[in-house]
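Listed here are the chains, written in short residue letters.
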Amino acid sequence: MMSAEQWFEDYASAVYSYIFMQVRNRHTAEELTQETFVKVVEKAHQFDGRAAVKTWIFRIAYTTTLNHFRKKHPLTHFFDKDFHVFGSHPSSEEMAELNAQETEFYEALHCLNKNQKQVILLRHIQGFSTKDTAEILGSSEGKVKMRLKRALDAFKKELEKGGMSHEILYRR
């Protein structure tokens, strides 16, 4: 079994980018990535190998980020509405780091509801299988497939509203 330090080496950058795409703030993403790996170290003895290590770590990252939003916006989560809870607008410094195409992609992603965002981030950005995505989200594979289809349709519409071809999604 690999050590938690090796897991950090292998997956910290992917976890950071996954969290950053949701919180849109470098400092918060760094804190939540660190919090995720503290939990990984604390729970390493619980890893039973039923899922891939990366899937297990992303499940922890998913719940850590979800809990961050619940603490930050408890009423929006209580009513399960998406009132733009996935972070504030990125700083000008953070936006300058993204090229124009990434910015359009990012803005279109931000227009989706949180379930659609999650399934696109996990399946298309992080490259998880349907099975692993379902495990991370605590959902069924059927629901993930249905959410992904709806999410991609909505995402395509958002990209086209911004004047971008949806083919960018498939080149990533």
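Preceding this paragraph is the structure being described.
For clarity, every value in this text was computed on a predicted model and none was experimentally measured.

Enquirer: How should I be thinking about the nonpolar core in this particular structure?
Expert: Nonpolar side chains in soluble globular proteins generally cluster together in the buried interior. Core analysis: the biggest nonpolar cluster contains 45 residues, and Trp7, Tyr18, Ile19, Ile57, Phe58, Ile120 and Phe155 have the highest contact counts within it. Those elements giving two or more residues to this core turn out to be helix H1 (4–23), helix H2 (26–43), helix H3 (53–72), helix H6 (100–110), helix H7 (114–125), helix H8 (130–137) and helix H9 (141–161). In terms of residues, this core owes the most to one element, H1, which gives eleven residues.

Enquirer: When you look at the pattern of salt bridges in this model, what are you seeing that I'm missing?
Expert: Between side chains of opposite charge, a pair can form as their charged atoms come close. Under the definition given, this model contains five salt bridges. Between glutamate 107 and arginine 24 there is a salt bridge whose closest N-O contact spans 3.9 Å. With glutamate 107 in helix H6 and arginine 24 in the loop between H1 and H2, the pair connects residues that are 83 residues apart, well separated along the chain. Take glutamate 107: its relative accessible area is 29%, and that puts it in the partly exposed class. Given a relative accessible area of 1%, arginine 24 falls into the buried group. Note that lysine 161 and glutamate 158 form a salt bridge whose closest N and O atoms lie 3.1 Å from each other. One end of the pair, lysine 161, and the other, glutamate 158, are both in helix H9, three residues apart, so they sit about a helical turn from each other.

Enquirer: So what exactly am I meant to see when it comes to the packing of H8 against H9 here?
Expert: Each pair of packed helices can be summarised by the angle the axes make with each other and by the distance between the axes. Orientation of H8 relative to H9, taken along the N-to-C sense of each, is 100°, at an axis distance of 8 Å. Considering their axes alone, H8 and H9 lie roughly perpendicular with respect to each other. Taking contact as the criterion, the partners of Thr130, Lys131, Thr133, Ala134 and Leu137 in H8 are, on H9, Glu141, Val144, Lys145 and Arg147. Grouping the constituent residues of the contact of H8 with H9 by class yields three nonpolar, two polar and four charged.

Enquirer: Which parts of the structure should I look at to understand the packing of H3 against H8?
Expert: Across the interface, H3 lies against H8 with an axial gap of 8 Å and an inter-helix angle of 40°. The pairing of H3 with H8 is recorded here as oblique in orientation. Between H3 and H8 lies a crossing of right-handed hand. Contact residues: Thr55, Phe58, Arg59 and Tyr62 in H3; Asp132, Glu135, Ile136 and Leu137 in H8.

Enquirer: Could you clarify how one ought to interpret the environment of leucine 159 in this entry?
Expert: Relative to the elements of secondary structure, leucine 159 occurs in helix H9. Accessibility expressed as a relative area gives 1% for leucine 159, which makes it buried. For the pair leucine 159 and leucine 109, spaced 50 residues apart in sequence, the C-alpha separation works out to 8.6 Å.

Enquirer: Hey, could you run me through the packing of aromatic side chains in this one?
Expert: When we look at a pair of aromatic rings, we describe it by the centre distance and by the angle of the planes. With the rule as written, the count across this model stands at seven aromatic pairs. Here the aromatic rings of tyrosine 18 and phenylalanine 58 are separated by 5.2 Å at their centres, their planes lie at 55°, and the arrangement is tilted. In this pair, tyrosine 18 sits in helix H1 while phenylalanine 58 sits in helix H3, placing the two residues 40 residues apart along the sequence. A relative accessible area of 1% places tyrosine 18 in the buried class. Put simply, the rings of Trp7, Phe47 and Trp56 touch in pairs and so form one group of aromatic residues.

Criteria and cut-off values
- Residues numbered from 1 in each chain as written.
- Predicted model: local features only at pLDDT ≥ 70, side-chain atom pairs only at ≥ 80, totals over all residues.
- Heavy atoms only, no water.
- Core = buried A, V, L, I, M, F, W, Y, C linked by side-chain atoms within 4.5 Å.
- Buried < 20%, exposed > 50% of the residue type's maximum accessible area, 1.4 Å probe, protein only.
- Helix = DSSP H or I, 4+ residues; strand = E, 2+ residues; numbered from the N terminus.
- Salt bridge = Lys/Arg side-chain N within 4 Å of Asp/Glu carboxyl O.
- Axes fitted to C-alpha atoms, helices over the stretch in contact; angles between N-to-C directions.
- Parallel < 35°, antiparallel > 145°, perpendicular 65-115°, else oblique.
- Contact = heavy atoms within 4.5 Å.
- Nonpolar A, V, L, I, M, F, W, Y, C, P; charged D, E, K, R; others polar.
- Left-handed = near helix turned anticlockwise from the far one by under 90°.
- Phe/Tyr/Trp six-rings, centres within 6.5 Å; stacked < 30°, edge-to-face > 60°.

Everything listed is a geometric property; what it means functionally is a separate question.
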